[in-house]
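Structural description and commentary
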Amino acid sequence: MRDIPGAWRRVAQGAGLLGADGQTAPTIFAEMSALAELTGAVNLGQGFPDEDGPAEVLEVARRAIADGANQYPPGRGILDLRTAIAEHQQRFYGLNLDPHREVVVTAGATEAIAAALLALVDGPDDEVVVFEPYYDSYAACVALAGARLVPVPLRWPDFQPDADLLEEAVTDRTRIILVNDPHNPTGTVLGAEVREQIVRLAQRHDALIVTDDVYEHLIFDEPHVPIASLPGAAERTLTISSGGKTFSTTGWKIGWAAGPAHLVDAVLAVKQFLTYVSGGPFQPAIAAGLRLPESFFTGVAAALRAKRDLLGAGLREAGFDVSRPAGSYFTVADAAPVGATDAAAFCRDLPDRVGVVAIPITAFVSAAHRDRFATLVRFAACKRVEVIREAAARLQRLA
């Protein structure tokens with residue numbers, strides 16, 4: 001493999017998966033899930049729920065399959081889903097979108113991110129600013145696009161960025177500021193002053209803003225505020241989200257990108273040659289989900305908040321220092337108080353020691369900033385209550 005030329009090398013290197021010998025390593029998610037299966041450990045590593053989503057959404061998908069919605073949907077996605085996405089953005093955030101021109105349906109948010117970066121980045125002179133730690137596909141896709149990743153470290157324990165470092169990172173070379181809020185892997189929600197600074201910097205340097213809002217309804221203390229809703233932001237912002245996290249249907253891979261028509265058209269120009277289309281019978285189901293009553297959305301956030309609190313309490317009792325997440329599936333803990341000096345080694349050892357799987361934060365950071373996050377570990381709270389309780393009980397052995 002190491003002698004085969006091609007873009008795969010910079011993708012693997014960008015994601016931190018290319019060894020010194022030129023061989024590629026599996027992603028941390030594949031590695032830890034395999035460890036969970038091998039050891040029978042409780043898997044609080046990969047972020048997917050172990051319960052199905054709302055019955056009414058599942059039933060729409062079943063009915064669509066039975067009714068024959070099993071062939072290619074339109075390239076932009078079925079109109080009913082695009083309309084439901086536009087209705088959702090108006091209902092929750094006051095954003096007005098034309099479902100015919102300003103929305104495109106994708107194979108999950110991950111494809112939307114990849115298509116956006118490949119469409120909007122134009123080579124090695126372009127830079128993409130991200131908050132670090134970052135979802136691993138960001139680095140891989142920036143590398144595939146041939147651009148330069150510029151990470152802005154988030155600070156333990158609140159995981160807010162330093163305003164001066166953000167100011168330094170965004171320059172006239174910045175093509176895209178890529179924002180994930182609520183944030184994976186830290187669970188932080190960016191403060192209002194950070195969101196406003198992002199818009200100011202994008203305006204000053206004529207940069208685009210791409211926002212990954214997949215956890216928009218899994219926020220615990222305040223309503224989600226999309227950057228596109230801020231003054232002066234909408235015309236330069238592409239908003240990405242999906243139904244997977246909100247409706248516990250991560251395997252359906254139904255996402256979308258929304259924003260100004262010229263940005264959406266650019267994404268579609270690339271996206272149509274990636275997957276072309278996806279999930280025909282799942283698209284009407286996600287449309288139905290987006291139209292569920294307010295009580296559903298507040299309910300899923302409340303249920304996850306309770307799981308966050310249960311997991312956090314268990315981690316503290318086991319001896320970890322714990323950051324209190326404001327959204328998302330995840331809780332980050334510092335394992336130094338329980339003897340860790342290297343998060344990756346600690347996580348690889350944890351399944352055998354106590355029967356729990358977690359993910360090292362160092363899998364989501366650049367080599368230059370690895371020391372800042374050396375002992376931090378991510379746990380997923382998107383599991384059944386009894387699973388979280390069992391994991392917490394096992395972790396007590398560390399204490």
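These lines cover the structure that appears in this document, whether it is placed above or below. Fair warning: this is a prediction, and the values are worked out from it, not measured in the lab.

Here the focus is the pairing of strand β14 (residues 376–380). Residues in a regular strand project their side chains so that they alternate between the two faces of the sheet. With five of five residues buried, β14 is to be regarded as a mostly interior element. Neither face of β14 is open: one carries Leu-376, Arg-378 and Ala-380, the other Val-377 and Phe-379, and all of them are buried. Summarising the sheet, strand β11 (residues 330–334) and β14 pair through five bridges and their orientation is antiparallel. Following the sheet pairing, Asp-334 is matched in β14 by Leu-376.

What follows covers the environment of Arg-372. Mapped onto the secondary structure, Arg-372 falls in the loop between β13 (359–360) and β14. Sequence separation between Arg-372 and Val-57 is 315 residues, and the spatial gap between their C-alpha atoms is 42 Å.

Right, let's get into the sheet that holds β11. The strand order across the open sheet built from four strands is β10-β11-β14-β13, with neighbouring strands paired in antiparallel fashion. The open sheet has two free edges, formed respectively by β10 (321–322) and β13, since each of these has just one partner strand. Both β10 and β11 contribute to a ladder of two bridges, which runs antiparallel. Residue Val-322 lies in a different strand from β11, and its bridge partner there is Ala-333. Strands β10, β11 and β14 of the sheet are contacted by helix α11 (residues 294–317), whose axis makes an angle of about 15 degrees with β11.

A few words on the side chain of Lys-307. Here Lys-307 shows up in helix α11. Among the polar contacts listed, one links the side chain of Lys-307 to the side chain of Glu-51, at a separation of 3.2 Å. Those residues in contact with Lys-307, other than ones at most four positions away along the chain, are Glu-51, Ala-381, Lys-383, Arg-384, Val-385 and Ile-388.

This part covers helix α3 (residues 55–66). Between the first and last C-alpha of α3 there are 16 Å, a value that for 12 residues agrees with the 16 Å anticipated at 1.5 Å per step. Among the residues making up α3, those that are buried are Val-57, Leu-58, Val-60, Ala-61 and Ala-64. Taken down its axis, α3 places every buried residue within 155 degrees of arc, on the same side. Opposite the packed face of α3, turned more than 90 degrees from it, sit the exposed residues Ala-55 and Ala-66. Looking at the packing, one finds that the buried side of α3 touches α10 (282–290). Positive phi appears at Gly-68, one or two residues downstream of α3, with a value of about 95 degrees.

Thresholds, definitions, all that
Residues numbered from 1 in each chain as written. Predicted model: local features only at pLDDT ≥ 70, side-chain atom pairs only at ≥ 80, totals over all residues. Heavy atoms only, no water. Buried < 20%, exposed > 50% of the residue type's maximum accessible area, 1.4 Å probe, protein only. Helix = DSSP H or I, 4+ residues; strand = E, 2+ residues; numbered from the N terminus. Pairing = 2+ DSSP bridges. Contact = heavy atoms within 4.5 Å. Axes fitted to C-alpha atoms, helices over the stretch in contact; angles between N-to-C directions. Polar contact = N/O pair within 3.5 Å; in protein donor to acceptor, adjacent residues only side chain to side chain. Expected span 1.5 Å × (residues − 1). Arc of directions from axis to C-beta.

Such coordinate-based values are descriptive only and should not be taken to indicate function.
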